[in-house]
Amino acid sequence: MFTGTAGEITGTHSYWATYPTLLAATNYTSTSIKVTLPTTQTYTGTTIPNYMAAYAVSGDPNNIQLKFRNLCCIVKIPVLTSKSGAAAKLKNIEIISNQDIAGTATLTMLSDNTPSLNFSGGSSRKITLDCGNTNVSSLKTFFIMLPAGTQKISMKFYDATGKFMKKTISGAGSSGVSLARNNIYELGTVNFNATEVDPEF
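The model shown is predicted, which means the values in this text are computed figures rather than measured ones.

Q: How should the pattern of salt bridges be read in this particular structure?
A: When their charged atoms lie close together, side chains carrying opposite charge are able to pair. Counting across every chain of the model gives three salt bridges. A salt bridge links aspartate 100 to arginine 125; the nearest nitrogen and oxygen atoms lie 3.5 Å apart. Placement of the pair is aspartate 100 in the loop between β7 (89–97) and β8 (102–109) and arginine 125 in the loop between β9 (115–124) and β10 (126–135), with a sequence separation of 25 residues. Note on aspartate 100: relative accessible area 28%, which makes it partly exposed.

Below, the structure written as structure tokens:
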């Protein structure tokens, strides 16, 4: 549960709210705001992360009904390995897209109060999930938030030694996989076996 105070307001105004505060909302207008979707997300165990926003127009500051909507979808990734030691520790997962998926975006609400994100300067096509060197010799599940859209996605799974393995999320068409806001997409279990060396690690 969370609350906020709008202050002394009279007349009809537009109201925005975002959660969590790391979205760093700025540049409020009557129809849009700027938000920042982090390029790095952090593994928090079994907790499913979420980015939300709400918008309302009201002439009564004592009666503002803000209904929060999810901004993204969730990709659920079970990971398991037969390795041991440092090779069994998942350091991070990188998501690489052919579309902008993080950074600065303009958030608007469509006529049905559905949020829409339009990325601009300062955006990124890569998201990193910091997995904290989690041991995946027993099955662990990781969650990554991605904005909606049709995109080609590849993934890199890094172990604690700096080696990685690649995986591609395949879509039904040549343009990639279609991801819809407010959905959870579960991948099949990833058999983690990092053998490639990344010079940038």
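Q: Help me understand the nonpolar core, please; the structure alone is not making it clear to me.
A: Across soluble globular proteins, nonpolar side chains show a tendency to be buried alongside one another. Formed by 27 residues in total, the largest nonpolar core has its most connected members in Ile77, Val79, Leu90, Ile93, Leu146, Met155 and Phe157. Broken down by secondary-structure element, the contributors of at least two residues to this core are β6 (72–80), β7, β10, β11 (140–147), β13 (153–159), β14 (163–169) and β15 (177–179). Ranked by the residues each element gives to this core, the list is headed by β6, at four residues. Setting aside its immediate chain neighbours within four residues, valine 79 contacts Leu90, Val136, Ser138, Leu139, Lys140, Phe142, Phe157, Val190 and Phe192. Counting 18 residues, the second largest nonpolar core, distinct from the first, contains Ala25, Ile74, Leu107 and Phe119.

Criteria and thresholds
- Residues numbered from 1 in each chain as written.
- Predicted model: local features only at pLDDT ≥ 70, side-chain atom pairs only at ≥ 80, totals over all residues.
- Heavy atoms only, no water.
- Salt bridge = Lys/Arg side-chain N within 4 Å of Asp/Glu carboxyl O.
- Helix = DSSP H or I, 4+ residues; strand = E, 2+ residues; numbered from the N terminus.
- Buried < 20%, exposed > 50% of the residue type's maximum accessible area, 1.4 Å probe, protein only.
- Core = buried A, V, L, I, M, F, W, Y, C linked by side-chain atoms within 4.5 Å.
- Contact = heavy atoms within 4.5 Å.

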